[in-house]
Every structure is written in C-alpha cells, then in structure tokens.
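Structural description and commentary
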Amino acid sequence: MSINFEDYQELLDPLSLALRESLRSAWPEAAKVFSARGLDNYIKGAAALHSLGKGDSLVATWIDHAPLVAHEIGEDAVPDLVHTALGLASKTSGTVIELVLSTAPTAANRLGDEALFGAYLQFINTLLSQAPRGVRPMLENLELLFSQLTLGGLRRWALWGAHAHRTDYPEQANYFSLQSKESLAMLQKERKGTLFVDVQRRINMYLRALWARDFFMKPTSGDFETREGYRPYIEGYFLHLPDAYDDYDAGGTKLPGLEMYRAAAVHSAAHLVYTREPISAEALNPWQMAVISVIEDARVETLAVRKFPGLKHLWAQLHTITPEQCVTAGDYLNRLARALLDDSYADPDPWIAQGRVLFSEAALRLDSNQTSWDIGVQLAHEFMARRIPFNPRSDVLTAPYRDDNRYFWEFEEFDFEAAAAGYEAPKQVRRQVSLMEFANVVDVETAGDDAEEIWVLGTELFPYEDMGKSFNEMEGKEPVSQPYHYAEWDYQIQLERPAWATVVEKRPQSG
Amino acid sequence: MSDIIKQYKIEHEPYYRPVADEVELYEAAYSVRMPMMLKGPTGCGKSRFVEHMAWRLGKPLITVACNEDMTASDLVGRFLLDASGTRWQDGPLAIAARYGAICYLDEVVEARQDTTVVIHPLTDNRRVLPLEKKGELVHAHPDFQLVISYNPGYQSLMKDLKQSTKQRFGGLDFNYPEQAVETEIVVHETGVSAEVAGKLVAIAERARNLKGHGLDEGISTRMLIYAGSLIGTGVDPVKACRVALVRPITDDPDMRDALDAAVSTFF
C-alpha cells in the first residue's frame, strides 16, 4: 500500500498552515525511514498532538524528531513515543513534552534498542510523577548523562535525586541540572566504564574479522536495581550483551571494559559457530546440566583457541578462582571451568584432575557436543559421592564473560496444541445433497445441534401425506450462527475487556 | 644489444611462486605477442610476476609507473633542447618497441584515458608506434610486448579503461594466494619460521574478512612480507604487526582497534 500526503487531508485540515507546510517538507525524508504503516502513525501522531491544544511548536517538534527516532531504532518505537507524549499531557506542560520529543533521538541513539527505548519512556513517566520539576533540567542534560550512564544508571541516579529532594523544589532543580555536589557524586558512582553503544562497531568488526560473518548484537539493561546486570545470553541468533561493563579487576591488573566486551562477545560467538545442535535437557538433573554446561563452554573455547591462540589469554585472565575455594558445588564448577581453559592453573583436586583427563582424551571428538554430554554426565556422577549440595541459584559460574548457556539447551516442552489435537470435537459439516440422497438415508432422530453433518436440500421437502406443510415448517428450527466475541471498551475502568460482547446471527423474519 | 636496453635486463631470478597456471598461460600469450592485462588487488604479486616472466623469457623489462600527470609524450618521447639545437629523446614505450623489451605500464588506470590511447596502434595487428612529432613510424621489434596492470578494487567511474583499450588485451586475474602458498611466500621472502608466517597469513585473512565492511582493501602479501621482515630483525611480533599491517591500512580508530585485537588473538 502506498501513502500519499493528500490522502490525509482530513487529519491535516485542523493544523495551521505553517505546520502543514513543515509536514509537507518533512514528508520526503519521512517516507525514506517509515513504511506505509509508519507514515500513517506519523501523521496521526501529529494530529493527536495537535488535538492536545498545547501549541504548534509541540507538533513541529514531533514532525522534526519522530523520523530521527525511527531512523535510529526502527519505526515501531514511534507509536510508543506518541502514546507517552499524549499520556504526559495531563501531568506536565507542553514545554516538557516538547523536550521529551526533541531529546528522544538522542535517547534512541544511545540506547540503540527498541525495548530499551520503551523502558526509557516508562522511566520518564515514573519520574514525572516523582520529581515533576526535575524532568526538564534532566532532559536538558540528557546527552551528557547518556554519555556516562546506562539506562539503569540513569534511573538510579534520577530516582535517588527524586527521593532525596522530594519536596525541596529548588534543590531538586539543582540536582537534576547537575549543579549540586551530590548530584555529581551520584553520577560518578553510577557511571560505568564502557558503554555498549560506544564499542558496538568495534566489537562487530572484531567478530567479523575472526569469523568472516556477521553476528547480531543487542544491549540488555539488567542493571536497574543492582549494578551487576544480566549475564550475556544468546537468543534468536542475537548476542545479548550488557549495556555497560565496568573495568574488571583481575587479580591486580585492570581489564578495560572493552576487553570484557571482546571476551563476552567472542565467547558467545564461539557458541554460535561451534554449537550447531542443541543438547537435550531431557532426563538430566540440574547438577548434571551445570556440569555439562561447563564442559560445553570448554569445548567451544578449546575449538576457538585452536584457531585463535590469543583468546586463551583473554579468557583465562577473567577466571580468578583458586583451589582454596572448596566449599560449595559452585566453587568446584568454577575451578573445573578454569582448569579446562587454563593449562597453567594447578589444581590438586582429583575430581578436577579427572575432568582434565577426560577432556584431553576427547580432544579429537570435540566437534560434537555429545562429547560434552558424555563427559558432563560422568563427572556429575563422580561428584555425587562428595555429598556437597548443589543450588542452581547460587552455584553459578563466576567468570563474567560467560553467557548463561540457555542457547543450547533443548527442553521438550508440553505442546498444548498437539495434545489437544486428538480430543478436539469434529467440525460440523454442511452438505448440499440431492433429493434421492436425502430420501435414501435414515434420519438420526437423536441428533441435536451438534450433529456431525447437516444436509441441505435445495427445495422444501414435503412429507408423503401432503398436508401443505413442509418438514421445516413442522419441526425445523432457525439456523443460528456460531457466536462471535468482540472486545469492548469499558469506560468505567478505562480498560478494554477482551471477548466481552457476544454476537449471534439469526435470519431475519420474513415480512 | 645496445647499452640503452641493456640496463633493463634482469640478471637474477626474481622469486615468484606460481599459484595456478599463470606462467604457462603467459608464455603462450607471449609466443603470439598478445598484449596482457594483469588484474588484482595491490600487493598480490602482479609486478613480481612480470619481472619473473621477463627473466624467464630472457627479455628486458621497462616499467612505467603511470600517474595522472603523464602525457602521451612521456610515453613515446619528445624533442629536447641541448647545445647543438633540438634532439629527439625516445620515451620508454618507444625504447621498448624499438629494441624489443617488455613494456609494463603499472597502474595504467591512473593515467588519463586519452594518454592510454597512444598504445592502441601497438596493441593490434599493426604493432607500430607512430612518432608524429618526429615524423617516424616505429615498427615494433619482434620481441616487444606490452603488459598493463590495474587494481579493479578502487577504480572509480572516472578511473576505468576505455572498452577500446580493454579489448586489446588478454587478461590474467591475480588474487592473494591461498593460505599454504602465502605462508610459503612469506617464509621465503623474510626468513621467519613457518609458524610465524602462518600466523601472519591468518591475521591477513582476518583483515580480508573485513573488506567491504569498513576496509577498502585487505592486508596484502607485500604487507605480510614487511611485517615478517620486521619480526626477522627481532621486533616484537605484535608491534611489527601494528606498524606493518594495521596502521597503514586504516585510519578508522574503531577498525584499528578491532584489527589490533585480532592480531592479539594470534600472538
């Protein structure tokens, strides 16, 4: 479907001449970034903002900035943006909404992901209710803030200010415009070493150089409440990496965030390259899965190191566990992980030594992850004799670059649709038949409305003892359609109720 | 053979490692004096190949590095002033045609298109070079052959050969050799161990993966030889790679960083 500017005359008419002109001049640019549906949203957004009655400059800001947002993170973010702007209308002034719109491209650029942008808009909403006077100065400094903070960091910084100066408006304004000392101190505290957006291009090139193919990467913002953030993970062919890494203190030497990104990205990429088949999680207990995970990690890392020997050093420096840590099952997992990667690491434990031997014996069979399964199950079994309990929550791998391995586990999930298939009631069939066919079969007198077949005769059928009344007139019922359910807007709760209204079709009475 | 042409004779065998059947094909082309065009990225061995073939065939080689300011008279020759009046000075193309050398126009697309037209009469069945200013028609020596090279990678619309020029040549495609061959070349040229050479070649492959994704051209065999030579003198391999491989090839800080990181996965 193609969209013409003129098609929207109805929506455009209420706009002032100047706005219509600027929309017209922005149109060719917008058509480059928006699809037909996106253009539709774009125009309707302008009309909706105009209907708020907060002045032309708000609409003009929308016209200028919405395509930039779409350019940065895709047009699907644009409806979110206009909904947020409309939602803010009851809480704040037009100037602030205008600021939200005009800084949206900056935020989109720094966040680089639609989901994160959505979270950002939500955060603006929250902040407006907690520190209404802080939003404006914060947005004015947004570029500076985003150059140093992740979304989680920004949120913590802002909410701290909102709580600290809940009623003290001048102080609130000071805090959010970065004038007060504590504001800068908080900023310093929340600031992260290396932000994903700043190094994404480098990492991309690095991975491409190594494997001559592209990997798709997305930032995740897991550091909302704590600074730690999510582990990296792989899902749907995307490498999800934390949106920032602090420099890592690896036993005295500082490892810059960029190196952390490299270690994490190249480890995940190694999974994508070398783990081609999932490992079935059927019949495995959590402890066995944890051990197999460690072996599988070691397997892909060994294969990668064979090709790129320098990776061993990059990864090994991020393993800091020592033989002295021997309390929990997690300690042993981490020691095993380190032992399998780092030859120079000495570990006296017989279980670890056994793991090393098994793994090195399998050196020629590393192509298949069945090897990981075999070694993992055997080692898991050996460990049982120690009677050290395993807790899947706390006994996790500590090497920060490793992903959570959700990528290669295959769970046989219960498929509700497949399960229901055998029990589903047969569909009712309606057939047009001839009179002879109709007359030759025996009527099932007990059949109700749920009969398997309904036969339809083109003409009315009269009984043999013709009294001038057809069968239909004597015992027929009006056919009734299946009920249709529609959603309906409940204005009292201001929510849409799904499948609320029911419509049943009937034949109209004659006459 | 006259003194003028003697200086162009190649005395010692230039090292060249054949990759496919290019030597036989070139010899066949020379036997019928077909003009040849060598295409391929920079630093993959085009010029070395011509030197090697000239040595192999025992013919002198006259190389002209083409550039934008080159005029037709830079190729064919011009009148010069001296104490006794004017004197004709043959250009490299005229010398080659007169005395029977292989004339190699390196990076021929760098010269302006109208300049390259002067080679047309020499590259078809006429095999003559008209020196209009002098009023002489030089019939090419039976040994004369014309070879041109260019890099299709960075040719722009402005810098391409005319069809009328292109169609006078037989073409040979050159590319970076495959891993084992390239390793062999690096070992031979620099004297580093096969292990180090293998790593250098692997690094080059990493950069070649990025061609078209931020790099205009991959790391060439020539650069690997530079890097290998530095390592041979005792320079730390990572530093040698930085100097000889990464810094020259890109000015983009992100790219530089990614390549440096790729180097460190090998050393």
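Residues numbered from 1 in each chain as written. Chains lettered and ligands numbered in written order. Predicted model: local features only at pLDDT ≥ 70, side-chain atom pairs only at ≥ 80, totals over all residues.

Attention now moves to the overall build of chain A. Counting secondary structure elements, chain A contains 22 helices and 13 strands. In terms of overall size, chain A is more extended than a compact globule, its C-alpha atoms giving a radius of gyration of 33 Å where 511 residues would be expected to give roughly 24 Å. On the principal axes, the C-alpha backbone points of chain A span a range of 105 × 70 × 45 Å. With 511 residues in all, chain A has 35% of them scored as buried. (Helix = DSSP H or I, 4+ residues; strand = E, 2+ residues; numbered from the N terminus. Rg over C-alpha atoms; globule rule 2.2 N^0.38 Å. Buried ≥ 20, exposed ≤ 12 C-beta atoms within 10 Å, placed from the backbone.)

What follows is about the overall build of chain B. A tally of helices and strands in chain B yields 12 helices and 9 strands. Viewed in the frame of its principal axes, chain B has a C-alpha envelope of about 65 × 40 × 35 Å. Each of the 267 residues in chain B was classed as buried or not, and the buried ones make up 41%. Within chain B, contacts between residues separated by at least 24 positions form 70% of all contacts whose residues are at least 6 apart in sequence. (Contact = placed C-beta atoms within 7 Å.)

All names here are of chain B. One open sheet accounts for 5 strands, arranged S2-S5-S8-S1-S9; its pairing is parallel. This sheet does not close on itself; its edge strands, each paired only once, are strand S2 (61–65) and strand S9 (170–173). On average, adjacent strands in this sheet sit at an angle of 20 degrees to one another, irrespective of strand direction. The pairing of strand S1 (residues 36–39) with strand S8 (residues 145–150) spans 4 bridges and is parallel. Bridge pairing links Leu38 to Ser149 in S8. (Pairing = 2+ DSSP bridges. Axes fitted to C-alpha atoms, helices over the stretch in contact; angles between N-to-C directions.)

The subject of this paragraph is the nonpolar core. Formed by 91 residues in total, the largest nonpolar core has its most connected members in Ala265 of chain A together with Ile203 and Ala227 of chain B. Not counting residues up to four positions away in its chain, the partners in contact with Ala265 of chain A are Ile203, Leu207, Met217, Leu239 and Leu241 of chain A. Core analysis: the second largest hydrophobic core is formed by 52 residues, Trp62, Ala107, Val135 and Phe176 of chain A among them. (Core = buried A, V, L, I, M, F, W, Y, C linked by C-beta atoms within 7 Å.)

Quick look at the pairing of S8 of chain B now. A regular strand places its side chains so that they alternate between the two faces of the sheet. Residue and element names in this part refer to chain B. Of all 6 residues in S8, 6 are buried; the element is thus mostly enclosed. What you see with S8 is no split at all: Gln145, Val147 and Ser149 on one side and Leu146, Ile148 and Tyr150 on the other are buried throughout. As judged from the 4 bridges shared by strand S5 (residues 102–106) and S8, these two strands associate in the parallel manner. Bridge assignment links Cys103 to a residue of S8, and that residue is Leu146.

Turning to the interface of chain B and chain A, a few remarks are in order. With 17 residues of chain B at the contact, the number on the chain A side is 13 residues. Of all the secondary structure elements, the ones that give two or more residues to the side of chain B that touches chain A are helix H9 (194–209) and helix H12 (253–264) of chain B. Broken down by element, the residue count for the side of chain B that touches chain A peaks at 8 residues, all from H12 of chain B. A class-by-class count of the residues in the side of chain B that touches chain A yields 9 nonpolar, 5 polar and 3 charged. (Nonpolar A, V, L, I, M, F, W, Y, C, P; charged D, E, K, R; others polar.)

Splitting chain A by domain gives domain 1 (5–193), domain 2 (194–412) and domain 3 (426–441 + 449–503). For domain 2 of chain A versus domain 3 of chain A, the separation of C-alpha centres amounts to 62 Å. (Domains from an automatic or database assignment.)

Moving on, we get to the sheet that holds strand S3 (residues 233–235) of chain A. As a general point, the strands of a sheet are linked pairwise by backbone hydrogen bonds and lie either parallel or antiparallel. Residue and element names in this part refer to chain A. If you trace the 3 strands from one edge of the open sheet to the other, you get S2-S4-S3, paired in mixed fashion. The open sheet has two edge strands with one neighbour each: strand S2 (216–220) and S3. Along the sheet, successive strands turn relative to each other by an average axial angle of 30 degrees, direction set aside. Summarising the sheet, S3 and strand S4 (residues 238–242) pair through 3 bridges and their orientation is antiparallel.

What follows is about the confidence of the model for chain B. Taken residue by residue, chain B gives an average pLDDT of 91. The fraction at 70 or more is 97%. Of the two predicted TM-score estimates for the complex, the pTM is 0.73 and the ipTM is 0.80. (pLDDT = per-residue confidence, 0-100.)

Residues and elements named next belong to chain A. Look at helix H6 (residues 94–111): 25 Å from first C-alpha to last across 18 residues, which is about the 26 Å you get at 1.5 Å a residue. A maximum bend of about 40 degrees is found in H6 at Thr103, where proline Pro105 lies one to four positions downstream. Note on H6: the residue one or two positions beyond its end, Gly112, has a positive phi of about 65 degrees. (Expected span 1.5 Å × (residues − 1). Bend = angle between axes of the 7 residues up to and from the residue.)

Residue and element names in this part refer to chain B. Domain parsing of chain B yields domain 1 (3–173) and domain 2 (179–264). Its C-alpha centre places domain 1 at a distance of 31 Å from the equivalent point of domain 2. Each side of the interface is counted separately: domain 1 has 10 residues, and domain 2 has 12 residues. Looking at the side of domain 1 that touches domain 2, its residues break down into 5 nonpolar, 4 polar and 1 charged.

Residue and element names in this part refer to chain A. Counting buried residues along strand S13 (residues 495–503), only 0 of its 9 residues qualify, which leaves the element largely exposed. Inspection of the sheet shows strand S12 (residues 484–490) paired to S13 by 6 bridges, in the antiparallel sense. Looking at S13, one finds that Tyr486 is bridged to Ala501.

For the rest of this paragraph, the subject is unusual backbone geometry. Phi at Arg387 of chain A takes a positive value of approximately 55 degrees, unusual for a residue other than glycine. Tracing the backbone shows Arg387 of chain A in the loop between helix H19 (370–384) and strand S9 (409–410). For Arg387 of chain A, a count of 6 C-beta atoms within 10 Å corresponds to the exposed category. For Arg127 of chain B, which is not glycine, the phi torsion reads 50 degrees and is therefore positive. Judged by local crowding, Arg127 of chain B falls into the partly exposed class, with 18 C-beta atoms found within 10 Å.

Now for the packing of helix H10 (residues 151–164) of chain A against helix H12 (residues 181–190) of chain A. Residue and element names in this part refer to chain A. Relative orientation of the contacting elements H10 and H12 amounts to 155 degrees, with a least axis distance of 9 Å. Looking at the two axes, H10 sits roughly antiparallel to H12. In terms of crossing hand, the pair formed by H10 and H12 is right-handed. Residues Gly153, Arg156, Trp157, Trp160 and Gly161 of H10 pack against Ser183, Met186, Leu187 and Glu190 of H12. (Parallel < 35°, antiparallel > 145°, perpendicular 65-115°, else oblique. Left-handed = near helix turned anticlockwise from the far one by under 90°.)

Residues and elements named next belong to chain A. For the pair helix H4 (residues 56–73) and helix H5 (residues 77–88), interaxial distance at closest approach is 9 Å and the crossing angle is 140 degrees. Taken together, the axes of H4 and H5 are oblique relative to one another. For the pair H4 and H5, the crossing hand works out as right-handed. Residues Ala66, Val69, Ala70 and Ile73 of H4 lie in contact with H5, whose contacting residues are Ala77, Val78 and Leu81. By residue class, the composition of the contact of H4 with H5 is 7 nonpolar, no polar and no charged.

Residues and elements named next belong to chain A. Among the secondary structure elements, Ala399 is positioned in the loop between H19 and S9. Here the alpha-carbon distance between Ala399 and Gly74, two residues 325 residues apart in the chain, equals 34 Å. When neighbours within four sequence positions are excluded, Ala399 is seen to be in contact with Leu318, His319 and Ala337.

Relative to the helices and strands, Gly170 of chain B resides in strand S9. For the pair formed by Gly170 of chain B and Pro35 of chain B, sequence separation is 135 residues and the distance between their alpha carbons is 6.2 Å.

Right, let's talk about the confidence of the model for chain A for a bit. Averaged over all residues, the pLDDT of chain A equals 84, while 93% of them reach at least 70. Counted against residues more than four places away or in other chains, residues 418–424 of chain A, with its pLDDT under 50, gives 1 contact.

The subject of this paragraph is the environment of Glu10 of chain A. Residue and element names in this part refer to chain A. Mapped onto the fold, Glu10 is located in helix H1 (residues 9–12). Of the residues examined, Glu10 has 8 C-beta atoms within 10 Å and is grouped as exposed. Sequence separation between Glu10 and Ala47 is 37 residues, and the spatial gap between their C-alpha atoms is 9.9 Å.

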